[in-house]
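Residues per chain, in single letters:
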Amino acid sequence: MNEESERRLARNEILFRDTNEAIERGQWLADSGKHVRFRCECSRLDCNRAVPITLADYEQVRRFPRRFVLAPGHEMPEIETVVDRGEDHVVVEKKDAAGETAAAADPRQ
Ligand SMILES: [Zn+2]
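Residues numbered from 1 in each chain as written. Predicted model: local features only at pLDDT ≥ 70, side-chain atom pairs only at ≥ 80, totals over all residues. Heavy atoms only, no water.

Help me out: how do you make sense of the coordination of the zinc ion in this one?
Ideal coordination angles are 109.5 degrees for a metal with four donors arranged tetrahedrally and 90 or 180 degrees for a metal with six donors arranged octahedrally. Here the zinc ion is held by the protein donor atoms Cys40 (SG), Cys42 (SG), Cys47 (SG) and His74 (ND1), which lie 2.1 to 2.3 Å from it. Considering all four donor atoms around the zinc ion, the spread of angles at the metal, 106 to 114°, places the coordination shape in the tetrahedral class. One chain supplies every donor to the zinc ion, and in sequence these donors are spaced C-x1-C-x4-C-x26-H. Residue Cys40 is located in the loop between strand E1 (35-39) and strand E2 (50-54), and its partner His74 is located in the loop between strand E3 (67-70) and strand E4 (80-85); the two are separated by 34 residues in the primary sequence. In this pair, the class of Cys40 matches that of His74, namely buried. (Donors = N, O, S within 2.8 Å, 3.2 Å for Na, K, Ca; no water. Tetrahedral: all angles 85-135°; square planar, octahedral: opposite > 155°, others 65-115°. Helix = DSSP H or I, 4+ residues; strand = E, 2+ residues; numbered from the N terminus. Buried < 20%, exposed > 50% of the residue type's maximum accessible area, 1.4 Å probe, protein only.)

Help me understand the pattern of salt bridges in this model?
Working definition: two side chains of opposite charge can pair if their charged atoms are close together. Applying the stated criterion across every chain, the model contains twelve salt bridges. A salt bridge links Arg62 to Glu21; its shortest N-O distance comes to 2.8 Å. Highlighted residues: Arg62 in helix H2 (residues 55-62) and Glu21 in helix H1 (residues 3-25), separated in sequence by 41 residues. You can call Arg62 buried: its relative accessible area is 2%. A relative accessible area of 7% means that Glu21 is categorised as buried. (Salt bridge = Lys/Arg side-chain N within 4 Å of Asp/Glu carboxyl O.)

Looking at this model, I keep getting lost on the environment of Gly86. Mind explaining?
By the secondary structure assignment, Gly86 is in the loop between E4 and strand E5 (90-94). A sequence separation of 15 residues divides Gly86 from Ala71, and the C-alpha atoms of the two residues are 9.7 Å apart.

Help me out: how do you make sense of the nonpolar core in this one?
Soluble globular proteins: nonpolar side chains tend toward being buried together. With 17 residues, the main nonpolar core has Phe38, Cys40, Val51, Ile53, Phe68 and Leu70 as its most contacted residues. The set of elements that each furnish at least two residues to this core consists of E1, E2, H2, E3 and E5. Per element, the largest residue contribution to this core is three residues, and it comes from E3. Excluding anything up to four places from it in sequence, Val51 contacts Val36, Arg37, Phe38, Arg39, Cys40, Val69, Leu70, Ala71, Asp88 and His89. (Core = buried A, V, L, I, M, F, W, Y, C linked by side-chain atoms within 4.5 Å. Contact = heavy atoms within 4.5 Å.)

What should I look at first to understand the sheet that holds E4 in this one?
Strand pairing within a sheet occurs via backbone hydrogen bonds; the two strands may be parallel or antiparallel. Taking strand neighbours across the sheet as the criterion, the three strands line up as E3-E5-E4 in an open arrangement whose pairing is antiparallel. The sheet is open, and its two borders are formed by E3 and E4, each paired with just one other strand. Ignoring which end each strand starts from, the neighbouring axes of this sheet average 30° apart. Of the pairings in the sheet, the one linking E4 to E5 comprises five bridges and is antiparallel in character. Each residue of the ladder has a partner; that of Thr81, found in E5, is Glu93. Most of the contacts of H1 go to E3, to which it runs at about 75°, and overall it touches E3, E4 and E5. (Pairing = 2+ DSSP bridges. Axes fitted to C-alpha atoms, helices over the stretch in contact; angles between N-to-C directions.)

Right, here's the structure in full:
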């Protein structure tokens, strides 16, 4: 996969991450053990799977600008590495150009 494709796929995921940041802002953060239905942050623009994880788990993912939370099976090994697998979700870390794009667009930096 070329660098431009990697960056384009990363931008799709960044879009979903921004959506999830908004979902999280709507939550009561003290209730961190509660499961929230976040959007799958995969690179498929037509994906609308919900990924139920706790606010505490989502916060763990968001501490790393290259990490995203996806529905199981939605990972793309060409651009990302699975770093954690939960019951209903996987956490991936972006590689190379996709990782740079994701880090540069991190809303928390
Ligand atoms: Zn997905």
